[in-house]
Amino acid sequence: MKKLTLLTLLLFPLLGYAQEFRGKITDIYNLPIINAYIINKVNVEHTNSNKNGEFTIKNTSIGDTLVISNINYFTTTVIVTKKHLDQINEIQLKEHIVDLSEIIIVNNIKATNVITTIDLQANPVNSSQEILRTVPGLFIGQHAGGGKAEQIFLRAFDIDHGTDISISMDGIPVNMVSHAHGQGYADLHFIIPETIEKIDYGKGPYYPSKGNFNTAGYVEYKTKDKLDYSMIANEIGAFNTFRTVGLIKLLDQKKNYAYMAYEYLVSDGPFESPQNFSRYNMMGKYIADLPNNGKFSVIFSKFSSKWTASGQIPQRAVEDGTITRFGAIDDAEGGNTARTNASIQFTKFIGKNTRVQSNAWYSEYDFDLFSNFTFYLNNPDDGDQIRQKESRKLFGNSSEIKHTYKLGNIEFTSHAGIGFRHDEVKDLELSNTKNRINVLSWIKYGDVSESNIFGFYSTDINIGKFKINPSVRFDFFNFSYQNTLGTSPESNSDNSQEVSLKSNTEYHPNISGSGLGDSGGNGTPLFADKWMLSPKLNILYTANNKLQLFLKAGKGFHTNDTRVVVSGRIDQIVPAAYSADLGGIWKPFDRLILNIATWYIYLEQEFVYVGDEGIVEPSGKTRRYGIDYSMRLQLSKWLYFTGDLNYSIARFTELPEGENYVPLAPNLTTAGGLYFKHQSGLSGGVRYRYLENRPANEDNSVVAKGYFITDCNVNYSYKNWTLAIDIQNLFDREWNETQFNTESRMFDEYNGVEEIHFTPGTPFFLRGKIIYRF
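Here the structure is a predicted model, which is why all the values come from computation and not from measurement.

A.B. asks: Any chance you could explain the overall build of the protein here in plain terms?
C.D. replies: Looking only at helices and strands, the protein features six helices and 46 strands. For a compact globule of 774 residues, the expected C-alpha radius of gyration is about 28 Å, and the protein comes in at 28 Å, within 12% of that figure. The principal-axis extent of the C-alpha atoms belonging to the protein is close to 110 × 55 × 55 Å. Sorting the 774 residues of the protein into buried and exposed places 58% on the buried side. Counted over contacts in the protein with a minimum sequence separation of 6, partners at least 24 positions apart contribute 65%. Total accessible area on the protein stands at roughly 31,500 Å², and carbon and sulfur atoms take up 56% of it.

A.B. asks: Could you clarify how one ought to interpret the sheet that holds strand β1 (residues 19-26) in this entry?
C.D. replies: In sheet architecture, strand pairing relies on hydrogen bonds along the backbone and comes in two forms, parallel and antiparallel. Read from one edge of the open sheet, three strands run β4-β1-β7, paired in mixed fashion. Each of the sheet's edge strands pairs with one partner strand only, and the pair in question is β4 (54-60) and β7 (88-92). When the angles between neighbouring strand axes are averaged without regard to direction, this sheet yields 35°.

A.B. asks: When you look at the environment of N379 in this model, what are you seeing that I'm missing?
C.D. replies: Among the structural elements, N379 can be located in the loop between β24 (354-371) and β25 (386-407). Expressed as a C-alpha distance, the spacing of N379 and F747, which sit 368 residues apart in the sequence, is 9.9 Å. The contact partners of N379, leaving out residues within four places of it in the chain, are D384 and L440.

A.B. asks: What exactly am I supposed to notice about the pairing of strand β38 (residues 668-677) here?
C.D. replies: If a strand is regular, its side chains alternate between the two faces of the sheet. Pairing of strand β37 (residues 639-652) with β38 involves nine bridges; the strand directions are antiparallel. Paired with D644 across the strands is A671, a residue of β38.

A.B. asks: In this structure, what is going on with helix α3 (residues 114-122)? I would like to understand it.
C.D. replies: Three or four residues apart is the spacing at which side chains of an α-helix point the same way, because the helix has 3.6 residues per turn. For α3, the tally of buried residues reaches seven of nine residues, placing the bulk of the element in the interior. Listing the buried residues of α3 in full gives V114, I115, T116, I118, D119, L120 and A122. Residues of α3 that are buried sit in contact with β15 (196-203), β32 (576-589), β33 (592-603), β36 (622-634), β37 and β38.

A.B. asks: For this particular structure, what's the right way to read unusual backbone geometry?
C.D. replies: Even without being glycine, D427 reaches a positive phi, approximately 55°. In this fold, D427 is placed in strand β26 (residues 410-434). Phi at N435 is positive, roughly 55°, even though this residue is not glycine. Summarising the element assignment, N435 is placed in the loop between β26 and β27 (438-463). With relative accessibility at 46%, the residue N435 sits in the partly exposed group.

A.B. asks: Got a minute to help me understand the packing of aromatic side chains in this structure?
C.D. replies: Each aromatic ring pair is summarised here by two numbers: the centre-to-centre distance and the angle between the ring planes. Counted by the stated rule, this structure contains 20 aromatic pairs. Through pairs of rings, three or more aromatic residues link up here, namely Y185, Y365 and F367. One Lys or Arg, R694, reaches over the ring of F153 and ends 5.1 Å from the middle of that ring. A cation sits over an aromatic face here: R773 above Y229, 5.9 Å from the ring centre.

A.B. asks: Sorry if this is basic, but what is going on with the sheet that holds strand β45 (residues 753-760) here?
C.D. replies: With antiparallel pairing, the three strands of this open sheet are ordered in space as β22-β45-β44. Edge positions in the sheet fall to β22 (313-314) and β44 (736-744), since each has one partner strand and no second. One ladder, built from eight bridges, connects β44 with β45; its direction is antiparallel. Paired with Q739 across the bridge in β45 is F758.

A.B. asks: Which parts of the structure should I look at to understand the pairing of strand β30 (residues 526-544)?
C.D. replies: The pairing of strand β28 (residues 466-483) with β30 spans 16 bridges and is classified as antiparallel. Of the residues in β30, the one forming a bridge with F476 is W531. Across eight bridges, β30 lies against strand β31 (residues 547-557) in antiparallel orientation. Residue pairing in the sheet places I539 in a bridge with L551 of β31. Hairpin geometry of β30 and β31 is characterised by an intervening segment of two residues between the two adjacent antiparallel strands.

A.B. asks: Would you mind going over the environment of I62 with me for this structure?
C.D. replies: Its place among the elements puts I62 in the loop between β4 and β5 (65-69). Residue class for I62 comes out partly exposed when judged on its relative accessible area of 27%. The sequence separation of I62 and N715 amounts to 653 residues, and the corresponding C-alpha distance is 48 Å.

A.B. asks: Could you clarify how one ought to interpret the nonpolar core in this entry?
C.D. replies: For soluble globular proteins, the rule of thumb is that nonpolar side chains tend to be buried together. In terms of nonpolar packing, the biggest core is built from 76 residues, with I167 and Y221 touching the most fellow members. Sorting elements by how many residues they give to this core places α3 first, with five residues. When residues no more than four places from it in sequence are discounted, the contact partners of Y221 are I131, L132, I167, S168, M169, D170, L188, I191, I196, K198 and I199. One finds F21, Y73, V80 and L85 within the second-largest nonpolar core, a separate group that totals 15 residues.

A.B. asks: Where do I start with the environment of F326 in this structure?
C.D. replies: Mapped onto the fold, F326 is located in the loop between α5 (315-319) and β23 (333-349). As for F326 and T354, which are separated by 28 residues in sequence, their C-alpha atoms are 58 Å apart. Excluding anything up to four places from it in sequence, F326 contacts P270, F271, E272, P760, G761 and P763.

A.B. asks: Would you mind showing me how to read the pattern of salt bridges here?
C.D. replies: Pairs may arise between side chains of opposite charge once their charged atoms sit close together. Per the stated rule, a full pass over the model turns up 43 salt bridges. One salt bridge in this structure joins E20 and K352, with 2.6 Å as the shortest N-O distance. Of this pair, E20 sits in strand β1 while K352 sits in the loop between β23 and β24; the two residues are 332 residues apart in sequence, bridging distant segments of the chain. The structure contains a network of salt bridges with shared partners spanning E194, E235, R243, E263, R279, R687, D726, R767 and K769.

A.B. asks: I would appreciate a short explanation of the side chain of T559 in the present structure.
C.D. replies: Relative to the elements of secondary structure, T559 occurs in the loop between β31 and α6 (562-565). Separated by 2.9 Å, the side chains of T559 and N212 make a polar contact. Ignoring anything within four residues of it in the chain, the contact list for T559 reads Q183, N212, F213, E450, F477, F479, I573, V574 and F607.

A.B. asks: Hey, could you run me through the confidence of the model for the protein in this one?
C.D. replies: Confidence in the prediction of the protein, expressed as mean pLDDT, is 89, and 91% of residues score 70 or more. Taken as a whole, residues 487-496 scores under 50 in pLDDT and shows 23 contacts with residues more than four places along the chain or in a different chain. Confidence drops under pLDDT 50 across residues 510-521; counting only partners more than four residues distant or on other chains, this segment forms 47 contacts.

A.B. asks: Just checking my understanding: could you explain a nonpolar patch on the surface for this structure?
C.D. replies: On the surface, L682, V714, Y716, Y718, I725, F764 and L766 cluster together into a nonpolar patch covering about 610 Å² of accessible area. Looking at the nonpolar patch element by element, the count peaks at three residues for strand β42 (residues 707-718). Note that L766 resides in strand β46 (residues 765-773).

A.B. asks: When you look at the side chain of Q739 in this model, what are you seeing that I'm missing?
C.D. replies: Its location among the elements puts Q739 in strand β44. Ignoring anything within four residues of it in the chain, the contact list for Q739 reads L664, R694, A704, K705, I756, H757 and F758.

Procedures and definitions
Residues numbered from 1 in each chain as written. Predicted model: local features only at pLDDT ≥ 70, side-chain atom pairs only at ≥ 80, totals over all residues. Heavy atoms only, no water. Helix = DSSP H or I, 4+ residues; strand = E, 2+ residues; numbered from the N terminus. Rg over C-alpha atoms; globule rule 2.2 N^0.38 Å. Buried < 20%, exposed > 50% of the residue type's maximum accessible area, 1.4 Å probe, protein only. Contact = heavy atoms within 4.5 Å. Areas by Shrake-Rupley, 256 points an atom, 1.4 Å probe, with all protein chains shown as cover. Pairing = 2+ DSSP bridges. Axes fitted to C-alpha atoms, helices over the stretch in contact; angles between N-to-C directions. Phe/Tyr/Trp six-rings, centres within 6.5 Å; stacked < 30°, edge-to-face > 60°. Lys NZ or Arg CZ within 6 Å of the ring centre and 35° of its normal. Core = buried A, V, L, I, M, F, W, Y, C linked by side-chain atoms within 4.5 Å. Salt bridge = Lys/Arg side-chain N within 4 Å of Asp/Glu carboxyl O. Polar contact = N/O pair within 3.5 Å; in protein donor to acceptor, adjacent residues only side chain to side chain. pLDDT = per-residue confidence, 0-100. Patch = residues over 30% accessible without salt bridge, like charges linked within 9 Å, V, L, I, M, F, W, Y side chains within 5 Å.

Okay, structure coming up:
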């Protein structure tokens, strides 16, 4: 009897003792699967895979059943054996057509990201504009010939080109501080849409790793680490449009892989004066898997674009027949831009519960834009064309560490990071020009140096079904501007100095004059600095794998342009945004996902558009509040419906009632579609977007007209080939893509007229595409 008791005691740890099960989840190409859901059916212990596909699930015993699932992959089960508990287990999932019943609501602050995951699978993006439209509630508009960054709208913000949304790609920031055209300018055209693997987004300033411009939200794009196959695609469409794109495998070994991608696009657009638009993109990426699940990556990309634009046209000129909707008052607008990026990223695991990641990046950027917003208002003889130009080098680094540990029955995950960004901008110019040939006068000309040093700390505290996530972020900014125009106000008239731009020789104005009174004497640099502390708190209640409720609160900010900061004319160098969200994500049925949130944002300083300079400048305090609603419904194995509805109110807080509207802030937007993806190879969909009429000035006496636009596409894949047809504006509706309330004067007018100026939206546009995979 004693021997039997002793034997039982010896075997008990092997038979029933709870241990940890460690694993790595990959697809059939050995690529890590992020956010796969792992649950122990015996004790309901659960977890998710990290960025490298790795996970650890605690309290696991021999004989337990683990279920592993992820959207777009077949669910698999593992019966735990002793061998499993002694090793890191490689688990491979096979891909299938997206199925919403596979989706699990995870106990994660970014659980709502499942929305974009579904959308990318059901209807992949195939143009640079669609990259941003994948974010629920985000609308865009183009108003400069396709080459300029899109105007962005989100949560009752007219974000212009990026002033209140932080955008990045593979850890490389897209937003430009103190940009020639506008603060936070974010040009995404250097991203090749076919290379995107994941879109990470968040609304509101609740995320400590996101800093400058993260007020309305952030968007981060992640490109593919590895290609499933190589491909070449060619597109041809109306308005002399042609696009070719390729993704080519260069290296495909077990622990080393690399690929390159290219894109070339030309188009004249629907305008009477051809756009002569062209864009060239090149990208390369190398990944090396290191021991102990480490990873090393290198990215290089190069982009250039040039175009001619018809600009924003006055409503009166169309109504009286002076021009058509696709005509121009000044067809000499346009420009060129280029960007080169390089980055290195390193990830290493220190033990099984600690991950370290470091990223270093470098970019070179050039921008040259000609615009005419007021025509002949300020210069009746030569016109009001302006030039905005800069040449920039920017670089930075960020390092993060994440550590998971337990104190009693409470699990903690600490996340800390430090980093910096530095921008060096040379020959930052705002000048008056004529026909893109001559500089008539310089308004501003100088050099900007801006630095940002930051750090953050965040802790996830898991208490039963609750996750409490307090965090704080620290930022220090240093601003420097050297005005090479000088500072003698009485010499302003000397700024009218005509210079030819036809020569390739670089010019530098050597004249007196204050520009706008914003810089030091005799080229002496002016300096300013500011620090900012941003606390945040997120509370999640995940009732089960079908329901999560959340409360989020936090402080964010956007910086002002360095030229404004050093002038001493403003009190708020780094105006703050205070925000809160209350909502949830719910799966009432296996194939239906709902996401709803009510929100509020108070902003210490608004940015407003200044038409005669083509820039944004700081204004007063504002408040915004509203509700966001998203639905994703799978009607059958191959048919999906999506819908987003966003309602909001935006007002200045220091202006009288009725005169406190925030110009161009959207009130009501909705977007959605019906998509199909059949195993026969047929796929496609019909999608819509609606933007309601909205105020174009503070008293709502001028209204920017809304629109309802329908697009569609159909694709057929057979073996290595895919044929596709895409139609924009299916019903050929007249609509205004962008609109501004601007005072202008045409050549034959005696006085200026303030009214809506607009860029017409694309008419019916058909394009065909053929893809070959190998």
